[in-house]
Amino acid sequence: MTDLVLLGFSGSIGRQTLDVLKEFDDYKLKAISCNSDFAKAEEVKKAFPSLETIAIASTSGTKIAGLEVLEGEDAGVRLIRKYPKAVVINAVVGLAGLALTLEAIRHDCLLLLANKESLVIGGHLVKNLLKEHKKARIIPIDSEHSALLKLHKHEDEILKYIITCSGGALRDYDLSKLDDATLEDVLNHPTWSMGKRITIDCATMVNKAFEVIEASYLFDIPLSNIEVLMHDESLIHGLVYLKDNSYLAEIGPSDMRIPIAYALNKAIRKELPLEPLDIADLHFRRYNERRYPLFKFIIDNFEDGSSNMAVINAADEVAVEAFIRGHIKFGDIKTIITMTFKRVRGVLVENLDDILAISRIAKEEARIIINELKGS
Ligand code: MG
């Protein structure tokens, strides 16, 4: 039995992980963490009696029957230190996940990684730390990267890696009205049911640009070797193009329980009790760059070791939040991101503090820009 720490248990991936875990008897769930939403903690304790500790980032003197409670911004990091031999699942949403990823690597953990920011923003810090901690290992929990990991076995024959995108809720939306798309339109994702921010990031393809960067770090391949193919049904998650001109593809249901189970099985494919999959209708298209201007903007501005992605991610977070609250138009998201990027000078990032500092600056700048937009 292996000890397991689930960081971010209350989010979408966290909840699905708990669901999948019920099918596993080789893990002992020892600890969970959340930002502030601990309402379901007692329920989790009932389902997993091995659970001992919960880390909560917000501090409110919480008491939960049967569980030791760690509180504070660094509670997640302290949790990893408390269970240094555990397999760690990082399903935290946002930049807070990066510190946890770095801590898990420092303890040579097997890290099952669903937190995008860890690699998109902190990729070079993660890469450098992995060089010092050769026993640490990352298995991605993301449908595209999990698919590529399975296909990566053909590494010596691969010329190109391809991840698919659905194009999000606005893929067929009238291009001339795109800037005024409503929140309801944008949240109406055609194939996946996910959290709000990622659903909006799908409609702008910010998410897909971030995934390309993640893939580049995970498999140590240049961005130019990774392509994106629009695929309507979200059943093909990743493809590789081989040296004899053939493709291999991973096809499976749009169900995160598959990549979660694959990661928990340490990158081994095992039975999973899901509905059989019908693949009679599969469609592909090229994505229209005019519909997704942020995709190219992000890829063009990626620089290993720089703060560029931290700035773009911070601006995106603020812009998406403002859009959810009805403060800005959908089209303002790209304006806010590109303007923030222009105004916040890039720096070389040497550690986590550098990233946190520039993210704060970028968020402030993005808020100033939102106010300017409102005033104009
Ligand atoms: Mg994905």
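Residues numbered from 1 in each chain as written. Predicted model: local features only at pLDDT ≥ 70, side-chain atom pairs only at ≥ 80, totals over all residues. Heavy atoms only, no water.

A. Representation of the overall build of the protein in the model. Of regular secondary structure, the protein possesses 15 helices and 12 strands. Relative to the compact-globule value of 21 Å for 376 residues, the protein shows a C-alpha radius of gyration of 20 Å, a close match. In terms of its C-alpha atoms, the protein occupies a principal-axis envelope of roughly 55 × 55 × 40 Å. Taken over 376 residues, the protein has a buried fraction of 55%. Within the structure as shown, the protein displays about 17400 Å² of accessible surface, and the carbon and sulfur contribution to it stands at 49%. For the protein, the distance from the average position of its 47 positive side-chain charges to the average position of its 56 negative side-chain charges is 3 Å. (Helix = DSSP H or I, 4+ residues; strand = E, 2+ residues; numbered from the N terminus. Rg over C-alpha atoms; globule rule 2.2 N^0.38 Å. Buried < 20%, exposed > 50% of the residue type's maximum accessible area, 1.4 Å probe, protein only. Areas by Shrake-Rupley, 256 points an atom, 1.4 Å probe, with all protein chains shown as cover. Lys, Arg positive; Asp, Glu negative; His and termini not counted. Charge placed at Lys NZ, Arg CZ, Asp CG, Glu CD.)

B. The coordination of the magnesium ion, seen in detail. Protein coordination of the magnesium ion is provided by Asp142 (OD), Glu144 (OE) and Glu211 (OE), with donor distances spanning 2.1 to 2.2 Å. Between consecutive donor residues of the magnesium ion, the sequence gaps follow D-x1-E-x66-E. Linking Asp142 in the loop between strand S7 (137–140) and helix H7 (143–151) with Glu211 in helix H10 (residues 206–219), this pair joins segments that are 69 residues apart in sequence. Pair check on accessibility: Asp142 and Glu211 agree, each one buried. (Donors = N, O, S within 2.8 Å, 3.2 Å for Na, K, Ca; no water.)

C. Molecular detail of the sheet that holds strand S11 (residues 247–251). A sheet is described by the order of its strands in space; here 5 strands give the open sequence S11-S10-S8-S9-S12, paired in mixed fashion. The open sheet has two edge strands, S11 and strand S12 (284–285), and neither has a second partner. When strand S10 (residues 236–242) meets S11, the two strands line up antiparallel, connected through 5 bridges. Within S11, the residue paired with Tyr241 across the bridge is Tyr247. Taken strand by strand, H7 contacts strand S8 (158–165), S10 and S11, and its axis lies near 35° from that of S10. (Pairing = 2+ DSSP bridges. Contact = heavy atoms within 4.5 Å. Axes fitted to C-alpha atoms, helices over the stretch in contact; angles between N-to-C directions.)

By themselves, these observations are geometric and do not establish any function.
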